[in-house]
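What follows is each chain in one-letter form.
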Amino acid sequence: MPHTPAGPTGSASPIPLFELASQHQALRWEIENAVRQVLESTEYIGGTAVKRFEEHLGRYCQAYAVAVSSGTDAILAALMALRIGPGDKVITTPFTFFATAGGITRVGARPVFVDINPATFLLEAGAVSAAVDSTTRAVLPVHLFGQMCDMRSLAQIASRHSLAIVEDAAQCIGAHDNQGQGIAQLSRAACLSFYPTKNLGAAGDAGALLTRDAALADIFRQIRQHGETSRYHHAFVGGNFRLDAIQCAVLDVKLKHLSIWNQRRRAIAAYYTQRLRGSDVLPPREISGTFHVYHQYVIRAPQRDRLREHLRQKGIGTAIYYPRPLHLQECFSNLGYKQGAFPNAEQVCREALALPMFPELTDAQMERVAEEILAFHGGKKIAASG
Ligand SMILES: *Cc1c(COP(=O)(O)O)cnc(C)c1O
């Protein structure tokens, strides 16, 4: 039976926060062919498909690209390659996905959290600078939700104190900062994730390391293969951080569409922001001159949980990124941070709400999302005055 379109006022079909089926339908023959080629080649680890994807990714990002098993492993491998370990401090944000700080701890270093700007959700150079001490070795900025931190300012601080910058670029492939610089241009390395829901998503776990430094790229290639410098010769201890050829084949198909998908995300975001301006919710701030790729569109709502329930009842999917800041996670209690240490991050954890965002979201769907948010606030005002 054909799908029945929703009437103008009737019970409309649900709008998910994210869905992959439309994208897969559109690319299915290309993807299935690419995967079949790998299967028939029997080159499952390394080989042509991996090299081809790395070459294309490198060209897209203007850096050397080394495909690895996940974004988490990219962060871990980058810190290992830079020999960051016990006794070292790494400055990062408490408002991010767990893997950012997890990698720092796994190499034996200590995460040092610094509060964010609540309007952009990003680390800022001034706060980072104030947290630097004699044992600080690196800064791990996160370009959260698809918007880049001010890399020029961070690079200045890094150079003043001889710190390495490793970018967590898991959410921002294709973005550039307010100086027109993309990821991996002003840092030692940038870490990408191709988790299926990311702007460029594999058919499973996948990630990559980017660097402008050819020698460091060689070390990344060695580290993903147990530190092997030549067959059965191990100069240092690495891991198995390789990415399967099948995933590279899928990603290579999708990479060609990434720029168009990112443009569509930006158009949806521009629409949301324009409709929600002047309402009780706060749209995310896009730093002037940046190219934000809206991995997520995250508003701040004072009555976040009630709004979320209202949207749920209307069939609109939302998510909370992130409900608990990292400095208050049980596994980091040994670091000694207390509630109140980072008021901006803590407040944003109470107010942030991600709205439906994916390139295949239709105009009608994004309009309904905005209308339901405005209706919630209209309803509240009537109730308050009545
Ligand atoms: C997704 C993500 C990661 C981890 O990537 P995986 O591929 O899931 O391991 C790390 N940092 C951030 C900010 C992410 O969003």
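Residues numbered from 1 in each chain as written. Predicted model: local features only at pLDDT ≥ 70, side-chain atom pairs only at ≥ 80, totals over all residues. Heavy atoms only, no water.

(A) Representation of helix H1 (residues 21-41) in the model. Remark: the principal bend of H1, roughly 70°, maps to leucine 27. Buried within H1 we find Gln23, Leu27, Ile31, Ala34, Val35 and Val38. Buried residues along H1 sit in contact with helix H2 (48-61), helix H8 (245-255) and helix H9 (258-276). (Bend = angle between axes of the 7 residues up to and from the residue. Helix = DSSP H or I, 4+ residues; strand = E, 2+ residues; numbered from the N terminus. Buried < 20%, exposed > 50% of the residue type's maximum accessible area, 1.4 Å probe, protein only. Contact = heavy atoms within 4.5 Å.)

(B) Region of the structure containing the site of the ligand. The environment of the ligand is formed by 16 residues, the closest being Thr72, Asp168, Gln171, Ser193 and Lys198. A distance of 2.5 Å separates an oxygen atom of the ligand from a polar atom in the side chain of threonine 72. In this structure, an oxygen atom belonging to the ligand sits 2.8 Å away from a side-chain N or O atom of glutamine 171. About the coverage of the ligand: the protein hides 93% of its 380 Å² of free accessible area. If you list the elements that add at least two residues to the shell around the ligand, you get helix H3 (71-81) and helix H4 (99-106). Of the residues in the shell around the ligand, the class split is 7 nonpolar, 7 polar and 2 charged. (Near = heavy atom within 4 Å. Polar contact = N/O pair within 3.5 Å; in protein donor to acceptor, adjacent residues only side chain to side chain. Areas by Shrake-Rupley, 256 points an atom, 1.4 Å probe, with all protein chains shown as cover. Nonpolar A, V, L, I, M, F, W, Y, C, P; charged D, E, K, R; others polar.)

(C) Seen up close, the domain arrangement of the chain. Looking at the chain, the domain boundaries give domain 1 (24-255) and domain 2 (258-377). For domain 1 and domain 2, the distance between their C-alpha centres works out to 24 Å. Taken together, the contact between domain 1 and domain 2 spans 43 residues of the former and 36 residues of the latter. In total, about 3400 Å² of surface goes out of reach between domain 1 and domain 2, with carbon and sulfur atoms giving 64% of it. For the domain 1 face of the interface with domain 2, the top three residues by lost area are Phe113, Phe145 and Asn199, together amounting to 20%. The tally of links between domain 1 and domain 2 comes to 0 salt bridges. Across the domain 1-domain 2 interface, the total number found is 24 residue pairs in polar contact (both at pLDDT 80 or more). At the level of secondary structure, the elements contributing two or more residues to the side of domain 1 that touches domain 2 comprise H4, strand E3 (110-113) and H8. Broken down by element, the side of domain 1 that touches domain 2 gets its largest block of residues, 4 residues, from E3. (Domains from an automatic or database assignment. Buried area = accessible area lost by both parts, 1.4 Å probe. Salt bridge = Lys/Arg side-chain N within 4 Å of Asp/Glu carboxyl O.)

(D) Focus on the pairing of strand E6 (residues 189-193). Among the 5 residues in E6, 5 count as buried, and that is most of the element. The alternating pattern of E6 places Ala189, Cys191 and Ser193 and Ala190 and Leu192 on opposite faces, both of which are buried. Two strands pair when backbone bridges link them, and strand E5 (residues 164-168) and E6 are joined in this way by 3 bridges, in the parallel orientation. Following the sheet pairing, glutamate 167 is matched in E6 by alanine 190. (Pairing = 2+ DSSP bridges.)

(E) Quick peek at H9. Between its first and last C-alpha atoms H9 spans 27 Å; for 19 residues at 1.5 Å apiece the expected length is 27 Å, and the two agree. Within two residues after H9, glycine 278 carries a phi angle of roughly 85°, on the positive side. (Expected span 1.5 Å × (residues − 1).)

(F) The nonpolar core, seen in detail. Leu57, Phe95, Leu192, Phe194 and Leu210 are the most contacted members of the largest nonpolar core, which has 78 residues in total. The biggest single contributor to this core is H8, with 7 residues. Taken domain by domain, this core gets at least three of its residues from each of domain 1 (24-255) and domain 2 (258-377). Excluding its chain neighbours within four sequence positions, the residues that come into contact with leucine 57 are Ala65, Ile173, Leu192, Phe194, Ala208, Leu210 and Leu255. With 29 residues, the next largest nonpolar core counts Leu76, Ala78, Ile84 and Leu209 among its residues. (Core = buried A, V, L, I, M, F, W, Y, C linked by side-chain atoms within 4.5 Å.)

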